[in-house]
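Structural characterization, general
Spelled out from the first residue to the last, the chains are:
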Amino acid sequence: MNIACCGIDREQFHAAEQACGCPVLYFADAPDRRGDVRLAYALRDGVPIRLAVVGYQGAAGLTACDFLCSHLPRERILWLCRRPEFSTEARRLGVHFYPVGPPDTVPPNQITQELIRLLRQQPEYNKGGITE
């Protein structure tokens, strides 16, 4: 299955993508839709997702997480946000909150470790032969 990302620059997320061993789908903002909306449409169309990673900051990230919660089981959303005051709202939504700056300012190994931790909580993770 796939990891889906919105609000994240592919170049900055490359190391995490390599370490996780899962295909990563990027849903970039477009003139007609934000990345989280494009991701939700992909889910509606049946694209299998194991984990969604939201890189939008602040209120935009909260909005994206809230929107995605209606399309994904709550335990499958990771929000990378540098503003710790949003952690309470993330908990309310059931979203995994990782209090770091936007992905382009965080050492890739930090994000990689958090992704692997969340993926290991899912039984199908070890079936794919994924290693650190």
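In the block above lies the structure referred to throughout.
As the structure is a computational prediction, the values presented were derived from the model and not from experiment.

1. Describing the sheet that holds strand E1 (residues 2–6)
- An order of E2-E1-E3-E4-E5 is seen for the five strands of this open sheet, with the pairing classed as parallel. If you trace the sheet from one side to the other, it starts and ends with strand E2 (24–27) and strand E5 (96–98), each paired once. With direction set aside, neighbouring strand axes in the sheet form an average angle of 20 degrees.
- Inspection of the sheet shows E1 paired to E2 by four bridges, in the parallel sense. Bridged to isoleucine 3 within E2 is valine 24.

2. Comments concerning the packing of aromatic side chains
- Using the criterion set out here, one finds two aromatic pairs in the structure.
- Ring plane angle 65 degrees and centroid distance 5.7 Å describe the contact between tryptophan 79 and phenylalanine 86, whose orientation is recorded as edge-to-face. When sorted by exposure, tryptophan 79 lands in the same class as phenylalanine 86, which is buried.
- Ring centres of tryptophan 79 and phenylalanine 97 lie 5.3 Å apart, and the angle between their planes is 85 degrees; this geometry places the pair in the edge-to-face category. With tryptophan 79 in strand E4 (residues 77–80) and phenylalanine 97 in strand E5, this residue pair connects regions lying 18 residues apart in the sequence. Residues tryptophan 79 and phenylalanine 97 agree in their burial class; the two are buried.
- Ring-pair connections join several aromatic residues into one group, and the members of that group are Trp79, Phe86 and Phe97.
- The lysine or arginine in question, arginine 34, covers the ring of tyrosine 56, its NZ or CZ lying 4.3 Å from the ring centre.

3. Concerning the pattern of salt bridges
- In the structure shown here, the tally under the stated rule is five salt bridges.
- Between aspartate 32 and arginine 33 there is a salt bridge, with its nearest N and O atoms 3.3 Å apart.
- Judged by its relative accessible area of 58%, aspartate 32 is exposed.
- With a closest N to O distance of 3.4 Å, arginine 44 and aspartate 45 form a salt bridge. The same class applies to arginine 44 and to aspartate 45, which are both exposed.

4. Things to note about the pairing of E4
- Burial along E4 is two-sided: Ile77 and Trp79 and Leu78 and Leu80, pointing in opposite directions, are all buried.
- Sheet topology places strand E3 (residues 49–54) next to E4; three bridges connect them, and they run parallel. Paired with valine 53 across the bridge in E4 is leucine 78.
- Here E4 runs beside E5; their pairing, made up of three bridges, is parallel. Across the sheet, residue leucine 80 finds its bridge partner in E5, namely tyrosine 98.
- Between the parallel elements E4 and E5, the chain passes through helix H4 (residues 87–93) in a crossover that is right-handed.

5. Some thoughts on helix H2 (residues 35–44)
- Residues of H2 that are buried include every one of Gly35, Asp36, Leu39, Ala40, Ala42 and Leu43, and no others. Buried residues of H2, seen end-on, are gathered within an arc of 160 degrees and therefore sit on one face of the element.
- Contacts from the buried residues of H2 go to E1, E2, E3 and helix H3 (58–69).

Reading the values: the criteria
- The numbers attached to residues start from 1 for each chain and follow its sequence in the written order.
- Where totals are concerned, whole chains, interfaces and linings use all residues; where local detail is concerned, this predicted model gives features only for residues with pLDDT of at least 70, and gives and counts side-chain atom pairs only at 80 or more.
- For side-chain calculations, the full set of non-hydrogen atoms in the structure is used, while hydrogens and water are omitted.
- Pairing between strands requires that DSSP locate at least two bridges from one strand to the other.
- The helix and strand labels rest on DSSP assignments: H or I over at least four residues marks a helix, E over at least two residues marks a strand, and numbering proceeds from the N terminus.
- Each axis is a line fitted through C-alpha atoms, taken for helices only over the stretch in contact, and angles between the N-to-C directions span 0 to 180 degrees.
- In this scheme Phe, Tyr and Trp rings, the latter by its six-membered ring, pair at centre separations within 6.5 Å, and the angle between planes marks the pair as stacked below 30 degrees, edge-to-face above 60, and tilted otherwise.
- The buried label applies to any residue whose accessible area, calculated with a 1.4 Å probe on protein chains only, is under 20% of its type's maximum; exposed applies above 50%, and partly exposed to all values in between.
- To sit over a ring, a charge needs its Lys NZ or Arg CZ within 6 Å of the ring centre and within 35 degrees of the ring normal.
- A carboxyl oxygen of Asp or Glu within 4 Å of a side-chain nitrogen of Lys or Arg is what we treat as a salt bridge.
- Here, the term right-handed applies to a crossover whose path from the first strand over the helix to the second runs clockwise when the strands point away from the viewer.
- This arc corresponds to the set of directions leading from the helix axis out to the C-beta atoms.
- In what follows, a contact means two residues having at least one pair of non-hydrogen atoms within 4.5 Å.

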